[in-house]
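Residues per chain, in single letters:
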Amino acid sequence: MQLIFDILRTEKNTGRQYRQEIELDTAVLGADEKKATVATALRYLDKSSDTRVAWDCGCLQRRCGTCAMVINKRPALACDARLAACAKKGRIRIEPLGKFPVIEDLRVDRTILQEHLKSYRMWQDGTRADSAVQHRDVVYEASRCLQCGLCLEVCPNYYTGGRFFGTATAVPAARLFGLGGDRRKEYGRHVYAGCGKSLSCRNICPAGIDVDALLARNNRQLWGRQ
Amino acid sequence: MNSTGNDAPILIIGAGLAGLSAALTVARAKRRCRLISVAPPERAQSVLAEGGTNAVLDTMGDHDTVEEHIADTMRGGCFLADEKAVRRLCETAPLIIRDLEALGVPFNRNADGTIAQRYFGGQKKRRTAFAGAMTGKMLMSALIDAVRKYEADDLVERYDHHAFCGLLHTERTPDEEQAAQGTSGVYVQDLYTEEMLSFEGPVVLCSGGLNGMFPGHTTGTAYNTGEVTAIAFTQGIRLANLEMIQYHPTTVAIPGKRLLVTEAARGEGGRLFVEKKGAGGEILTAPEGRYYFMEERYPALGNLMPRDVVSREIDSILADDHYGGRVFLDMTGIPADVWDERLAELREEILHYLGPDPAKVPVPVAPGIHYFMGGIDADAEHRTSLAGVYAAGECCALYHGANRLGGNSTMGAMAGGRVAAESAMRYGYDIRDGRPGALAIDPLRQAANRLPEPDEELGDILREGLGIVRNEASLQRALRRVTELERTRGNSTPRILLAKAMLKSAMQRKESRGAHYRGDYPETLDACRRKTVIYATDL
C-alpha cells in the first residue's frame, strides 16, 4: 500500500509551522504490514533523519496514552490507528493535539491535565473501604483512565485555561465519588457547570471507558441521589 | 558528624510503582522529594502489569504462610536472591496490600468480602491478589492519587518530562567528618526546554528494566531505555546478575513489540499444547492431535511451572521436528464468567491485535523478553555501591535472584520503593562504610543522548548472545561483534558498555541456573551459588 503522510510539523525553537509530505510503501514494514498502525509507520520513519519527526511513544498497546495525536481529523492514539483503516485516498494527515501547547512536531505538553486534578483535589481524604468494595466496578472503570487528553480534544466546551476541566477530570472524579470522597463543590464548579452534554467524548476514549455512565453517575452524586 | 542531618529533598528517578511508593514514603515522613521522570506516571511501564501482586493474606483456605512465600521466592530465584531482603518483602507484603486497600485499589473480592487470590506460576498456594486483568493500572491510579495529595502540600515536587543525565560527582576528602557533609545528586534535563538542572540530595533510582537493550523485542515500553542504569554504570555503580533475563513463555508479536499474554490466563485454566505429526509427517490440526506437553511432563504444576522452565520447554519443542512447530495457548476451557470478571481486557486485546476470539480459538504463543532480574546491585537496605545512591524496582537486582515469580515484581517494586526511601532518609550521603562517590561525567554529553534512539543493531547482537539457551561460542561471538560495533562507530555509548557487561556476566556464570541456561554447562553447581557482579572497570 502506497501512502502519503502529510504531517504538520513545528520547529522547536522558533515555533514555525510547516507541512511535510512523506511517501511510504507499507511493504517496507514487512511482517507488520497488515497490522501496522500509525505508530508502526512513525517508528519506521524515525530511522532516517530525513523523515524523523518528534513524537512520544510508550507502550504501543493502548495502555499508556502517550501517543495521542490527530489522525485524518480524528483524535486517536497512534498505536490504535490502523493504517488501512485511517488512510483516505492513500493519504494520512497527522497533526498534534490542538488543545495543548506544542513542544515540537507531534509532541505536546499535557501538564495541565495534572494541574486540573490537583486543583480538583483528586485524592482520598479518609478510608471508606466499605464504599470501595460496594462500588468496586465504578472504581475499576474510572481507574482505567489514561489521561491521554483525546476526550478534551473533541469537546466543544473545553478550552485550555478555562474553569471547565472536562471528561479527563470527570472520569477520575467517579473513582473518588465511588470511594466515598466528597468533592461536590469541585465537581459542580469544574465539570457539571461547564459540560454542555454534547457527549462528543462518548466514543473517543481509547480505553473504551463508558463515559456516559460515569458522567450520569457523577451527576446523581452531585445532587445527592444514589 | 551527622550524615543524616542533610535535609535536602530526596531525588527519585522514575515514577512507576517503585518511584511512587518511594515518594509516598518520603512524604508521609514529612520530608520533601523531587519525583523526576521522562513522562508522567500514567505512562510508566507499571501500568502494563496485569496478573496481580503477591502477598500472604490466606483468604482462600489454602493455609498459606509467609514462610512459604519466602521459600517459593527463594526457590524461584534459585537461591541467588538476598534472603534477608526477601524475608522483609514477604513479611511486609500483606501490610502493603492493606494500605493499597485503604487507598481504594479495587481488588477482586471473594463472596465473603475478603480479597480474592489466584494461582500463579511457581507457587502452590493461591497468593496473588488482583484487580481484573489490569492490576498494575489499578495500583498506579491509586498511588498517583495518593502522591498527588502530597504534591498539593509541596512535599512532592514533580518533574515530568525530565531525563536523567548522570549522578553528581563530589570530591571525597580524606577527612571523614567533612566527607560526610558531602552529597550525592543528579543532573537532569528538561526535555521540553532543554535546560540542564542539577540537584543535590540522596538519590533513589527507580528507572525500570533494560528493555531498551532489546528494542522492539520485549513486552515493556519504549520509555524504558536502560539509559539510567547504563550511565550510572559508567559512573562506577556495581551491577549484579545481568545474565538473568526472564523470557515470559506466552507472548505474541505485534508491531514494534511483544504483547504479553498474562500468566493469569494459565492460572485460570489456560493450557499449552503443540500439534503432533501424523505417520506421514503431516501436522495434525484436529483436537486429538494436541500434545499438552506441560501437563504430561510436569504433572504437579503443569502449565504453571516457573517461567524459565515453561520458556525452555516451548523453545525446545518449537525446534523439535516431531511436532508442528507452533505452540498454542488453549484458553477455550475458561468459563465465560471468568473471562468477564477476570480476563476481560486480555480478551479484548487479543481480539484487537490478533483477530480470533481466544475464548473460542487457541492462540499461538512464543517466549519473549519480559523482565530483568539483574541490574543495579543493592544490599538488603537498597543501598547501592555508591554513597548516597539507592535503587528499587526493576532496575535493582535484589529480590528475584535467577528468576522472578509472577506477581512478585509489582510487590517487589512497591516494597522496595518504600525501603529505599527509608534508607535514603536514614543514611543520606553515607560514606562511613567505605562506599565511594560517583565518578565524574560530562552531563552535557549525556544530555545529547537523553532519550536515545533505539539501537537495533546492538539489540540484534544481544538477542543472539543472550537467547533462552546460551553457550560460550555464541557469547564470545556476540562480544566480538559489540567490540566491532564500538570500533566502527568510533565511540562508545553507555549502552555499549552495558551490553558488554551483560555478555561478560553470562560468560562468567558457567552453569545453568534459573533464567540463565547454558547449553554447554547444563548443570546447576553449588559452587556457583552466588551473584555475578560487575563494574565498568572490569570490562
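The rules behind each value
- Residues numbered from 1 in each chain as written.
- Chains lettered and ligands numbered in written order.
- Predicted model: local features only at pLDDT ≥ 70, side-chain atom pairs only at ≥ 80, totals over all residues.
- Heavy atoms only, no water.
- Contact = heavy atoms within 4.5 Å.
- Buried area = accessible area lost by both parts, 1.4 Å probe.
- Salt bridge = Lys/Arg side-chain N within 4 Å of Asp/Glu carboxyl O.
- Polar contact = N/O pair within 3.5 Å; in protein donor to acceptor, adjacent residues only side chain to side chain.
- Helix = DSSP H or I, 4+ residues; strand = E, 2+ residues; numbered from the N terminus.
- Buried < 20%, exposed > 50% of the residue type's maximum accessible area, 1.4 Å probe, protein only.
- Arc of directions from axis to C-beta.
- Core = buried A, V, L, I, M, F, W, Y, C linked by side-chain atoms within 4.5 Å.

Draft legend 1. Representation of the interface of chain A and chain B in the model. Contact residues are listed per partner, giving 49 residues for chain A and 51 residues for chain B. Roughly 4,400 Å² is buried in total at the junction of chain A and chain B, and carbon and sulfur atoms are behind 48% of that figure. Counting the surface chain A buries against chain B, the share from its top three residues, A:Gln61, A:Arg63 and A:Tyr140, is 17%. Salt-bridge contacts for A:Arg63 lead to B:Glu349; the nearest nitrogen and oxygen are separated by 2.9 Å. Counting the contacts that link chain A with chain B gives 30 residue pairs in polar contact (both at pLDDT 80 or more). Elements supplying a minimum of two residues to the side of chain A that touches chain B: helix H1 (38–45), strand S7 (107–108), helix H3 (111–120) and helix H5 (136–143) of chain A.

Draft legend 2. Summary view of unusual backbone geometry. At A:Asp105, a position not held by glycine, the phi torsion is positive, near 45 degrees. Within the element layout of this structure, A:Asp105 appears in the loop between strand S6 (102–104) and S7. Classification of A:Asp105 as buried rests on a relative accessible area of 2%. Not every positive phi belongs to a glycine, and B:Phe79 is a case in point at roughly 65 degrees. Inspection of the secondary structure assignment puts B:Phe79 in the loop between helix H2 (66–76) and helix H3 (83–102). Classification of B:Phe79 as partly exposed rests on a relative accessible area of 39%.

Draft legend 3. Local environment of helix H14 (residues 456–465) of chain B. All names here are of chain B. Residues of H14 that are buried: Leu458, Gly459, Ile461, Leu462 and Gly465. The arc that holds the buried residues of H14, viewed along the axis, is 160 degrees, so those residues lie on one side. Those residues of H14 hidden inside the fold are in contact with strand S21 (469–470), helix H15 (472–489) and helix H16 (494–508).

Draft legend 4. Structural detail: the nonpolar core. Grouped together as the largest cluster of nonpolar side chains are 121 residues, with contacts concentrated most on B:Val186, B:Leu205 and B:Met502. Excluding residues within four positions of it along the chain, B:Val186 makes contact with B:Leu11, B:Ile13, B:Ile36, B:Phe164, B:Gly166, B:Leu167, B:Leu168, B:Leu197, B:Ser198, B:Phe199 and B:Val203. Among the nonpolar cores identified, the runner-up in size contains 69 residues, and A:Leu77, A:Tyr120, A:Cys148 and A:Ala168 belong to it.

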